[in-house]
Amino acid sequence: MIKIFAAIHALKLPIDDRLSGKAIAPFFRDALQTQLSQKQLTPSEVQYAIFNYLPSWVNGLMQLRNKLVKLFGFKVGQDNLRPESDELSIGDQAGFLTIIEKSDDEIISYADDKHMTFYLSVKKQGNNVVVSSLVNQKTLIGRIYVNAVLPFHYFIARIVINNAIKAKRI
């Protein structure tokens, strides 16, 4: 099998981050790790460098997703994950996410509705960064949704991180 994203490694179980304590069953959790070439970046700047440059087709999928899930009572916000600035503070918006925690080594954003709570963590670990997501599924509709979008999630997460690596933004 050809490795398209050779510089990105999936972690079996994210450890040593602040998301671990936020997991409530049933939940989905994943994490991707890559080496930073821009080691001086803060976690906030890394998040910006990855998610401020989404391909237009990803934004199109987000718009379609928002139209569809709104019918099932999901809260929808902006159509993308683009933060307003490269240095975010607690309470700032990064697309549909709100920054809830920030330290020297990690930034955590989240979005919440009646079906699920979604968290995104960007954590620096030495010369690496771990981009991790956690989805606490509150309802059957939330569980169905998560299972339906997982193939897209796996692919898109790797694409946007890979794009940031190729462009030397991270």
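Scroll up a little and you will see the structure.
Model, not experiment: these values are computed from the prediction.

Trainee: Would you explain the sheet that holds strand S1 (residues 8-10) in this entry?
Mentor: Across the sheet, 7 strands lie side by side as S1-S2-S7-S6-S5-S4-S3; this open sheet has antiparallel pairing. Strands with a single pairing partner mark the edges of an open sheet, and in this sheet they are S1 and strand S3 (93-94). As judged from the 4 bridges shared by strand S4 (residues 97-102) and strand S5 (residues 106-112), these two strands associate in the antiparallel manner. Looking at S5, one finds that Thr98 is bridged to Tyr110. Relative to strand S6 (residues 116-125), helix H1 (residues 43-51) is tilted by about 115°, and along the sheet it contacts S3, S4, S5, S6 and strand S7 (128-137). Running over the sheet, helix H3 (residues 140-166) touches S1, strand S2 (27-35), S6 and S7 and is turned about 10° from S2.

Trainee: Sorry, what's going on with the pattern of salt bridges here?
Mentor: Scanning the entire structure with this criterion turns up 6 salt bridges. One salt bridge in this structure joins Arg18 and Asp105, with 3.5 Å as the shortest N-O distance. On the criterion of sequence distance, the pair formed by Arg18 in the loop between S1 and S2 and Asp105 in the loop between S4 and S5 is long-range, its members being 87 residues apart. For Arg18, a relative accessible area of 37% translates into the label partly exposed. Residue class for Asp105 comes out partly exposed when judged on its relative accessible area of 26%. Between Lys138 and Asp112 there is a salt bridge; the shortest N-O distance is 2.6 Å. Here Lys138 is found in the loop between S7 and H3, whereas its partner Asp112 is found in strand S5, with 26 residues between them in sequence. With a relative accessible area of 43%, Lys138 lands in the partly exposed category. In this structure, a network of salt bridges that share partners links the residues Arg18, Asp105, Glu106 and Lys123.

Trainee: Just checking my understanding: could you explain the packing of aromatic side chains for this structure?
Mentor: Aromatic ring pairs are described here by two measures, namely the spacing of the ring centres and the angle between the planes. A full pass over the atoms with the stated rule returns 6 aromatic pairs. Centroid distance Phe28 to Tyr154: 6.2 Å. Interplanar angle 75°. Geometry classified as edge-to-face. Here Tyr154 lies in helix H3 and Phe28 lies in strand S2, a separation of 126 residues in the sequence. With 6.0 Å between their ring centres and 25° between their planes, Tyr110 and Tyr119 make a pair best called stacked. Assessed through its relative accessible area of 28%, Tyr110 is described here as partly exposed. Residue class for Tyr119 comes out buried when judged on its relative accessible area of 12%.

Trainee: What exactly am I supposed to notice about the side chain of Arg65 here?
Mentor: In this structure, Arg65 sits in helix H2 (residues 56-70). In this structure Arg65 is buried but unpaired, with Asp113 as the nearest side chain of opposite charge at 5.6 Å. A distance of 2.9 Å separates polar atoms of two side chains, one belonging to Arg65 and the other to Tyr145. Not counting residues up to four positions away in its chain, the partners in contact with Arg65 are Val76, Met116 and Tyr145.

Trainee: Can you help me understand the pairing of S2 in this one?
Mentor: On a regular strand, one side chain projects to one face of the sheet and the next to the other, so that they alternate. Within S2, 7 of the 9 residues are buried, which leaves the element mostly enclosed by the surrounding structure. Taken together, the 3 bridges between S1 and S2 define a ladder with antiparallel strand orientation. Bridge assignment links Ala10 to a residue of S2, and that residue is Leu32. Of the strand pairs in this sheet, S2 and S7 are connected by 9 bridges, and their pairing is antiparallel. Residue Phe28 lies in a different strand from S7, and its bridge partner there is Val135.

Calculation criteria
- Residues numbered from 1 in each chain as written.
- Predicted model: local features only at pLDDT ≥ 70, side-chain atom pairs only at ≥ 80, totals over all residues.
- Heavy atoms only, no water.
- Pairing = 2+ DSSP bridges.
- Helix = DSSP H or I, 4+ residues; strand = E, 2+ residues; numbered from the N terminus.
- Contact = heavy atoms within 4.5 Å.
- Axes fitted to C-alpha atoms, helices over the stretch in contact; angles between N-to-C directions.
- Salt bridge = Lys/Arg side-chain N within 4 Å of Asp/Glu carboxyl O.
- Buried < 20%, exposed > 50% of the residue type's maximum accessible area, 1.4 Å probe, protein only.
- Phe/Tyr/Trp six-rings, centres within 6.5 Å; stacked < 30°, edge-to-face > 60°.
- Lys, Arg positive; Asp, Glu negative; His and termini not counted.
- Polar contact = N/O pair within 3.5 Å; in protein donor to acceptor, adjacent residues only side chain to side chain.

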